[in-house]
Amino acid sequence: MRMVSRLVLAAAAVACVFGSVGASRAQQMIRVGWTIPAEESKYWMMRRPAEFPDLGKTYNVEWTQFQGTAPMTQALAAGALDCATQAPLSLANGVVGGNLKAYIVAQHVFEKPGGFSVYWAVMDNSPIKTIADLKGKIIGISVIGGGTQGPFNMLLKQNGVDPTKDIKLVEVGFAVSEDALRQGRVDAVNMNQPFAARAEAKGGTRKLFSLSQAMPNIVHILEACRADFVDKNPDLIRAYVRDITSGMKKALANREETLKVVSEVLKAPIPVLDTYLLKDNDFGRDPGAAPNFPAIQKMLDIYAETGMLPKLDVAQFKHPTIVAPLQ
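Quick caveat: nothing in here was measured; it's all calculated off a predicted structure.

1. Comments concerning the packing of helix α4 (residues 88-98) against helix α12 (residues 293-305)
At a closest axis distance of 10 Å, the pairing of α4 and α12 adopts a crossing angle of 65 degrees. The handedness of the crossing between α4 and α12 comes out as right-handed. Only I296, M299, L300 and Y303 of α12 make contact with α4, whose side of the interface consists of P88, L89 and A92. Partitioning the contact of α4 with α12 into residue classes produces seven nonpolar, no polar and no charged.

2. Focus on the confidence of the model for the protein chain
Across the protein chain, pLDDT averages 90, with 92% of residues at or above 70. Predicted confidence for residues 1-27 stays below pLDDT 50, and this span has 38 contacts to residues more than four positions away or in other chains.

3. Focus: the packing of helix α2 (residues 40-47) against helix α10 (residues 255-266)
Contact geometry of α2 with α10 gives a least axis separation of 9 Å together with a crossing angle of 80 degrees. The angle between α2 and α10 places the two elements in the roughly perpendicular class. Judged by residue contacts, E40, Y43, W44 and R47 of α2 engage E257, T258, V261, V262, E264, V265 and L266 from α10. Of the residues in the contact of α2 with α10, the class split is six nonpolar, one polar and four charged.

4. Some details on the nonpolar core
Counting residues in hydrophobic clusters, the biggest one holds 67 residues, and the most contacted among them are W120, L134, F152, F209 and L300. Sequence-distant contacts of L134, defined by excluding residues within four places in its chain, comprise I128, I139, L156, D166, I167, A188, L208 and F209. With 44 residues, the next largest nonpolar core counts L266, L277, I322 and A324 among its residues.

5. Description of the sheet that holds strand β5 (residues 119-123)
Taken together, five strands build an open sheet; the order of strands is β7-β6-β8-β5-β9 and the sheet is mixed. With partners counted over all chains shown, the strands left at the sheet margins are β7 (168-171) and β9 (205-210), one partner each. Between one strand axis and the next, the sheet turns through 30 degrees on average, direction left out of account. By the bridge criterion, five bridges tie β5 to β9 in an arrangement that is antiparallel. Looking at the pairing, M123 lines up with T205 of β9. The strands that helix α5 (residues 149-158) touches are β5, β6 (138-141), β7 and β9; relative to β9, the one it contacts most, it runs at about 90 degrees. Packing against the sheet, helix α7 (residues 195-202) makes contact with β5, β8 (188-191) and β9, and its axis sits at approximately 120 degrees to β8.

Criteria and cut-off values
Residues numbered from 1 in each chain as written. Predicted model: local features only at pLDDT ≥ 70, side-chain atom pairs only at ≥ 80, totals over all residues. Heavy atoms only, no water. Axes fitted to C-alpha atoms, helices over the stretch in contact; angles between N-to-C directions. Helix = DSSP H or I, 4+ residues; strand = E, 2+ residues; numbered from the N terminus. Left-handed = near helix turned anticlockwise from the far one by under 90°. Contact = heavy atoms within 4.5 Å. Nonpolar A, V, L, I, M, F, W, Y, C, P; charged D, E, K, R; others polar. pLDDT = per-residue confidence, 0-100. Parallel < 35°, antiparallel > 145°, perpendicular 65-115°, else oblique. Core = buried A, V, L, I, M, F, W, Y, C linked by side-chain atoms within 4.5 Å. Buried < 20%, exposed > 50% of the residue type's maximum accessible area, 1.4 Å probe, protein only. Pairing = 2+ DSSP bridges.

The structure is reproduced here in structure tokens:
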């Protein structure tokens with residue numbers, strides 16, 4: 001439960017930094033955390049606000065970028081954010097270690113059969129051929145305690161590698177993972193789109209294992225809002241979730257414009273994005289941004305079975321009416 005202890009300490013630190021900010025916020029403002037990649041509905045809202053009639057009129061958003069989901073969990077628990085991108089594991093750790101109460105209001109991406117799965121790569125000439133060969137190595141992960149660490153830990157344990165004792169785990173953001181690997185700062189590192197497509201185009205790396213080997217149909221990221229904020233401002237959050245729903249529909253319906261939007265946010269060339277974004281080799285997206293609560297429950301059950309979390313019921317994250325899709 002080391003991640004839970006870290007969460008409590010980090011949440012307290014975040015509260016100190018941001019605590020003075022929230023008190024004076026007008027009710028029509030929603031403080032939203034985001035990260036990259038794979039949040040196309042929010043990217044549309046950020047870069048094409050005129051497409052959303054309520055945005056800037058019925059309510060406003062204060063957007064804050066984070067390195068990953070775990071820091072946003074800390075900010076939610078500290079009251080520094082109202083809504084944020086979350087991974088099921090990060091959100092659950094917030095409940096267990098940070099006394100966070102939140103609703104899952106939408107879903108961004110999941111791993112679909114045959115689609116892209118987050119994977120760990122090594123250099124072509126690396127002596128590492130199997131997961132068991134990772135013993136004693138330096139391994140990069142986007143965020144320690146983030147959403148990818150659950151299935152990552154499971155795969156290591158299944159192959160005789162203790163993730164707490166047998167490897168040195170270091171944080172390497174997705175955007176710099178390729179450089180860290182090529183420069184020899186890590187022996188293996190996680191790859192996500194569009195950075196995986198860029199690395200594959202250059203060559204010289206190879207896939208060692210992917211998360212789908214441990215947990216099929218992973219729900220990678222969802223949208224969660226603090227329960228107290230939702231309960232006090234239901235109409236405000238309904239408007240926000242309507243726009244998340246609308247943003248997902250716009251992203252899927254107009255791929256050409258979505259490529260431009262994502263390029264603006266990720267600073268990635270459109271030709272690179274075009275190799276995967278919204279194609280069969282990308283993540284899956286529900287057309288209405290609807291959360292897959294049964295899949296999330298299955299993930300929570302697996303985390304409990306492996307000792308990463310106590311038993312949790314996904315029902316605690318369901319609001320009776322405020323959940324995508326909302327029209």
